[in-house]
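So the chains spell out like this:
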Amino acid sequence: MKNILLGITGGISAYKSANIVSQLKKKGYSVKVIMTKNATKIITPLTFETLSRNKVYVDMWDESKGYEVEHISLAEWADLVLVAPTTYNVIGKIANGIADDMLTTVISATKVPVFFALAMNENMYNNPILSDNVDKLKGYGYRFIEADEGFLACNTNGKGRLKKEEEIIEIIEEYFIKKDYPQVLQGKTVVITAGPTEEPLDPVRFITNLSSGKMGYSLAEACAKLGAQVTLISGPTKLEPPMGLKKFISVRTALQMEKETLKYYENIDIAIACAAVGDYRPKIYYKEKIKKSDSDFSVELIRNPDILYQMGLLKKNQFLMGFAAETENILENATLKLNKKNLDVIVANDASNMGNGNNTVTLVEKNGKITPLKREKKSELAYTILLKLFSKVTMVSLMGILILTGCSSIISNSTGKEKYSDLEKKYSVILKKPRLKSKEIDSLKNKYIKLNSRLERNEENKKLKKEILKKVVILEDLSS
Ligand code: C5P
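Residues numbered from 1 in each chain as written. Predicted model: local features only at pLDDT ≥ 70, side-chain atom pairs only at ≥ 80, totals over all residues.

Caption draft 1: Geometry of the overall build of the chain. Helix and strand content of the chain: 18 helices and 22 strands. Per-residue burial over the chain gives 36% buried out of 480 residues. When contacts within the chain are restricted to residue pairs at least 6 apart in sequence, those whose partners lie at least 24 apart make up 67%. (Helix = DSSP H or I, 4+ residues; strand = E, 2+ residues; numbered from the N terminus. Buried ≥ 20, exposed ≤ 12 C-beta atoms within 10 Å, placed from the backbone. Contact = placed C-beta atoms within 7 Å.)

Rendered as structure tokens:
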């Protein structure tokens, strides 16, 4: 898990930082705290020592440790520095290169991202000196968490309240997610159906199936982490909705799931039908509990709508993914469904995996490509499936970046021997390949590393270099 260095400065909202530490610890982060002297007047270091289970740093000249070692090692230990609350004074000091206590010294020595959550009196917040300092620091790559409007400690309403602890933590977590996961679904809207449906017969009885919802929930979480805006429409499950969703809609029956799904379908990029929708429902719903008698009792079942089939009929540009849980002739049946429901891909699996934590699946694509995937935990399989299907888009955009931004000359110059057209041919061949061998990835990477050193020399292209390097990492996801 990640290491978070929390800086606490002398704003009255420093008491809220205790909750930030406690919540970060619950989520599994390691937390170390540095307080300014002023902050210790508002809340004691002991509170943070107890909550973080680590020593709290205040004084640069703490005799028990060599200070030089301490401030550098803290700066290196952290994956991220969060300062909450951040006062006007501390921003002013850092913006002007002053490092006169432990916190400002560590911030000046760290190379990891620093987030400042601002909190102060409204007039200080609106002081142009603050906005000049903030702009200056933003220019150096420091990040800011704006204050909220509301009731302030100085007995007025205005802008200056520390953002809610949960929201600060959400911003930090979003940063880690974006950093750790290739954003191959950036800007895409996705609707996912998950879980079983329940088809009621009377107030206490219903027909359902063994679906746990794990696969659909894992896909929803993975899509969100890969950058998509996700709406998860779920039948009854025992699972907590995953983090980072745009919307979570809870339904019970197939008819409710149909209504919700079709509401969103028209304007989305990707639909993933992972729900085990009940194919039939009782024709009659008894409003009162059915009484038993001595004779037999029959229930007439009628067809539920096939939601995915309808999405296939209505399909314009949406990418449509279905699931086929089969007990026999898995691939043949999956292919039949792929065609019948007008899908782009179907994930075929053995119905015996329903409710399990693991799954073995085969991807069957519209173009006939069949990709068996190794057995994995559903939570990991979700990433494998999505990266197999959507990393290609990034490869194409990588080519796009190189061609559109006039990198051709840089590429041809970068190797000295190979011409751009030759490289383009090579890349196109690779683009068409379903899987890359690790040697091919290495060679692509080497090309980019060379390209990189040329881009380094050109100021204008430094930004472009960053873009390219981001994509180079993604190449690894295509490896077999
Ligand atoms: O036809 P079958 O139920 O096996 O197809 C499975 C796929 O169709 C799954 O993706 C499932 O979510 C979807 N489906 C649906 N509505 C139904 C039945 C299945 O969306 N009524």
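Caption draft 2: Region of the structure containing helix α1 (residues 17–26). Inspection of α1 places S17, I20, V21 and L24 among the buried residues, and these make up the whole buried set. Buried residues in α1, looked at end-on, bunch into an arc of 95°, giving them a common side. On its buried face, α1 is in contact with β1 (3–8), β2 (30–35), α3 (45–52), β4 (80–86) and α9 (165–180). (Arc of directions from axis to C-beta.)

Caption draft 3: Representation of the site of the ligand. Around the ligand, the surrounding shell holds 15 residues, and the nearest of these are A273, V277, I307, L308 and G322. Elements supplying a minimum of two residues to the shell around the ligand: α12 (307–314) and β17 (319–326). With 3 residues, β17 is the single largest residue contributor to the shell around the ligand. Across the shell around the ligand, the residue classes tally to 9 nonpolar, 3 polar and 3 charged. (Near = placed C-beta within 6 Å. Nonpolar A, V, L, I, M, F, W, Y, C, P; charged D, E, K, R; others polar.)

Caption draft 4: The arrangement of the sheet that holds strand β21 (residues 370–372) in detail. In spatial order, the strands read β13-β12-β9-β14-β17-β18-β20-β21; together these 8 strands make up an open sheet with mixed pairing. The outermost strands of the open sheet, each flanked by one partner alone, are β13 (247–250) and β21. With strand direction ignored, the average angle separating the axes of adjacent strands in the sheet is 15°. With 4 bridges connecting them, strand β9 (residues 189–194) and strand β14 (residues 270–273) associate as parallel partners. The residue of β14 that forms the bridge with T193 is A273. Running over the sheet, helix α10 (residues 214–225) touches β9, β12 (229–234) and β14 and is turned about 165° from β9. (Pairing = 2+ DSSP bridges. Axes fitted to C-alpha atoms, helices over the stretch in contact; angles between N-to-C directions.)

Caption draft 5: Focus on the confidence of the model for the chain. Residues at a pLDDT of 70 or more form 80% of the chain, whose mean pLDDT is 85. Counting interchain partners and residues more than four positions distant, the pLDDT-below-50 stretch residues 393–437 has 41 contacts. Within the model, pLDDT remains below 50 along residues 469–480, and this stretch shows 26 contacts once partners closer than five positions in the same chain are excluded. (pLDDT = per-residue confidence, 0-100.)

Caption draft 6: Quick peek at the sheet that holds strand β5 (residues 114–118). Read from one edge to the other, the open sheet built from 6 strands follows the order β3-β2-β1-β4-β5-β6, with strand pairing classed as parallel. Each having just a single partner strand, β3 (56–57) and β6 (143–145) make up the two edges of the open sheet. Here 6 bridges tie β1 to β2, and the two strands are oriented parallel to one another. Bridging across to β2, N3 finds its partner in S30. Set on the sheet, α1 makes contact with β1, β2 and β4; between it and β1 the angle comes to about 175°.

Caption draft 7: Seen up close, the pairing of β12. For β12, the buried fraction is high: 5 of the 6 residues fall into the buried class. Relative to β12, β9 runs parallel, the two being bridged by 6 bridges. Across the sheet, T193 pairs through a bridge with I233, a residue of β12. As judged from the 4 bridges shared by β12 and β13, these two strands associate in the parallel manner. Residue pairing in the sheet places T231 in a bridge with K247 of β13.

Caption draft 8: Local environment of the nonpolar core. With 56 residues, the main nonpolar core has I192, A220, C223, I346 and L386 as its most contacted residues. At 8 residues, helix α14 (residues 378–404) tops the list of elements feeding residues into this core. The residues contacting L386, other than those within four sequence positions of it, are A222, C223 and L226. Within the second largest apolar cluster, 47 residues are counted, among which are V31, V56, I91 and L118. (Core = buried A, V, L, I, M, F, W, Y, C linked by C-beta atoms within 7 Å.)

Caption draft 9: How the structure looks around the pairing of β2. In terms of burial, β2 is a largely internal element, 5 of the 6 residues being buried. Considered for its hand, the β-α-β crossover made up of β1, α1 and β2 is right-handed. As paired strands, β2 and β3 are joined by 2 bridges and run parallel to one another. Paired with V33 across the two strands is V56, which belongs to β3. (Right-handed = clockwise from strand over helix to strand, strands pointing away.)

Caption draft 10: Fine view of the packing of helix α11 (residues 254–265) against α12. The N-to-C vectors of α11 and α12 enclose an angle of 25°; their axes lie 10 Å apart at closest approach. Here α11 is positioned roughly parallel relative to α12, judged by the angle of their axes. Seen along the crossing, α11 lies across α12 with a hand that is right-handed. The residues of α12 that touch α11, namely those facing M257, E258, T261, L262 and Y265, are I307, Q310, M311 and L314. A class-by-class count of the residues in the contact of α11 with α12 yields 6 nonpolar, 2 polar and 1 charged. (Parallel < 35°, antiparallel > 145°, perpendicular 65-115°, else oblique. Left-handed = near helix turned anticlockwise from the far one by under 90°.)

Caption draft 11: Structural view of the environment of A348. As for its position among the elements, A348 is in strand β18 (residues 345–350). Between the alpha carbons of A348 and V364 there is a distance of 7.2 Å; along the sequence they are 16 residues apart. Excluding its chain neighbours within four sequence positions, the residues that come into contact with A348 are A324, E326, I330, L331, A334, V361, T362 and V364.

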